[in-house]
Amino acid sequence: SSSLASFDMPPFRVPDSPTASPMDVDQIPQFSPWYTHAMPWADWGDWDHMRRLVRANDHEGATHKLAIYSLRRREGVPVPMTSSVELLSDLNMGGEECVRRHALAMSITRFVNAMTNTVNVQKRLEPSVVDRAMVIGLPVILVELRHDASHKVLPYLNSLVAAARLSLDWIDKNYWEPQHAAIESKLGQRFGEIRPIFSTDTKERPPPSLKAIQATIDAID
């Protein structure tokens, strides 16, 4: 079992208001040995490996790892993670320009649709995709390009490449960076809880708390 499963965070959550950040450290569940989530990655180190693959533009490695995650638990893979890998793969695709244009247009369209479909907007009329995008700070230019690709003329390749890179930049700032910061913070808290157990100074060693004991058990598991 995963040694970090006891404080595993749920997948990326789209905020309900413009002031809410996509991932807030305060949203991480408090420590509880009975609070777990079945995640597709083995532990947070495995998740961080995927983050580093994406940042290194290693589309082959990221695609392979995403395939493993999808086999383990397809519904547990966050949309930003899937979109990151798809966009990277399409940006590095060779072949005819027409094929590349269609591939990038489809990836950008799926990304915009997936991110905006889960946003709640309080309006009397059905909110538009632009309304939903504004709630999470998604660049409107991506929505416009998605509209052109779906209902008008397929955009030029240079426009699609620029949009794909903009999408990856948005994902990095709104998913990878805040999620990584939250993980680092929680790991630091966990280390602080179990460190007294292994202290060599028996005089200053406090009695271990239930949390620290459970954390040690989980780490050894």
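Described in the following lines is the structure provided in the data block. (Residues numbered from 1 in each chain as written. Predicted model: local features only at pLDDT ≥ 70, side-chain atom pairs only at ≥ 80, totals over all residues. Heavy atoms only, no water.)

1. Considerations on the side chain of Lys 65
Stated precisely, the cut-off is as follows: The helix count covers DSSP runs of H or I at least four residues long, the strand count covers runs of E at least two residues long, and both are numbered beginning at the N terminus. The cut-offs for exposure are 20% and 50% of the maximum accessible area for each residue type, with area from a 1.4 Å probe on protein chains only; residues under the lower value are buried, those over the upper are exposed, and the others partly exposed. Counting of polar contacts relies on pairs of N or O atoms within 3.5 Å, with two restrictions inside protein: one atom must be capable of donating a hydrogen and the other of accepting it, and residues adjacent in sequence are counted only when both atoms are side-chain atoms. Residue contacts follow a heavy-atom distance rule, with two residues in contact if any of their heavy atoms lie within 4.5 Å.
Locating Lys 65 in the fold gives a position in helix α2 (residues 59-73). Judged by relative accessible area, which is 13%, Lys 65 ranks as buried. At a separation of 2.7 Å, a polar atom in the side chain of Lys 65 contacts the side chain of Asp 46. Ignoring anything within four residues of it in the chain, the contact list for Lys 65 reads Asp 46, His 49, Met 50 and Leu 53.

2. A closer look at helix α6 (residues 140-151)
Definition in use: Helix span, as expected, comes to 1.5 Å for every residue beyond the first. Relevant arc is that of directions from the helix axis to the C-beta atoms, nothing else.
The first and last C-alpha atoms of α6 sit 16 Å apart over 12 residues, in line with the 16 Å expected at 1.5 Å per residue. Looking only at α6, the buried set comprises Leu 142, Val 143, Leu 145 and Arg 146. The buried residues of α6 occupy an angular sector of 165° when the element is viewed end-on, so they sit on one face.

3. Brief notes about the pattern of salt bridges
Let me state the cut-off plainly: Put simply, a salt bridge is a Lys or Arg side-chain nitrogen that is within 4 Å of an Asp or Glu carboxyl oxygen.
All chains considered together, the criterion is met by nine salt bridges. Across the pair Arg 110 and Glu 86 runs a salt bridge whose closest N-O atoms are separated by 3.4 Å. Remark: Glu 86 occurs in helix α3 (residues 79-91) and Arg 110 occurs in helix α4 (residues 97-116); sequence separation between them is 24 residues. Arg 110 sits in the partly exposed class, given a relative accessible area of 39%. The partner of Lys 173 in a salt bridge is Asp 169, and the shortest N-O contact between them spans 3.4 Å. One end of the pair is Lys 173 and the other is Asp 169, both in helix α7 (residues 157-194) and four residues apart, which spans about a single turn. One salt-bridge network, held together by shared partners, links Asp 46, Lys 65 and Arg 72.

4. Comments concerning the nonpolar core
Spelled out, the test is: Here, nonpolar core means buried Ala, Val, Leu, Ile, Met, Phe, Trp, Tyr and Cys residues that are tied together by side-chain atoms lying within 4.5 Å of each other.
Met 50 and Met 81 are the most contacted members of the largest nonpolar core, which totals 41 residues. Residue assignment for this core shows that the elements contributing at least two residues are α1 (44-55), α2, α3, α4, α5 (129-136), α6 and α7. Here this core takes 11 residues from α7, the largest share from any one element. Beyond its immediate sequence surroundings of up to four residues, Met 50 is in contact with Ala 62, Lys 65, Leu 66, Tyr 69, Met 81, Val 85 and Trp 176.

5. Describing the environment of Asn 117
Tracing the sequence through the fold places Asn 117 in the loop between α4 and α5. On the accessibility criterion, Asn 117 (58% relative accessible area) is exposed. On a C-alpha basis, the gap between Asn 117 and Arg 132 in space is 7.7 Å, while along the polypeptide they are 15 residues apart.

6. A word on the packing of α5 against α6
To characterise two packed helices, one gives the angle between the axes of the helices and the distance between these axes. The cut-off we apply is this: Only the stretch in contact is used when a helix axis is fitted, and all axes are lines through C-alpha atoms; the angle between N-to-C directions ranges over 0 to 180 degrees. An angle counts as roughly parallel when it lies under 35 degrees, as roughly antiparallel when it exceeds 145, as roughly perpendicular when it falls between 65 and 115, and as oblique in every other case. For any helix crossing, the convention is left-handed if the near helix is rotated counterclockwise from the far helix by under a right angle, and right-handed if that rotation is clockwise. All amino acids are sorted into three groups, where Ala, Val, Leu, Ile, Met, Phe, Trp, Tyr, Cys and Pro are nonpolar, Asp, Glu, Lys and Arg are charged, and the leftover types, Gly among them, are polar.
At a minimum axis distance of 9 Å, the contact between α5 and α6 shows a crossing angle of 150°. As the angle between them shows, α5 and α6 are arranged roughly antiparallel. The two elements α5 and α6 meet at a crossing, and its hand is right-handed. Together, Val 129, Val 130, Ala 133 and Met 134 of α5 and Val 140, Val 143 and Arg 146 of α6 make up the contact between the two elements. Class assignment of the residues belonging to the contact of α5 with α6 gives a composition of six nonpolar, no polar and one charged.

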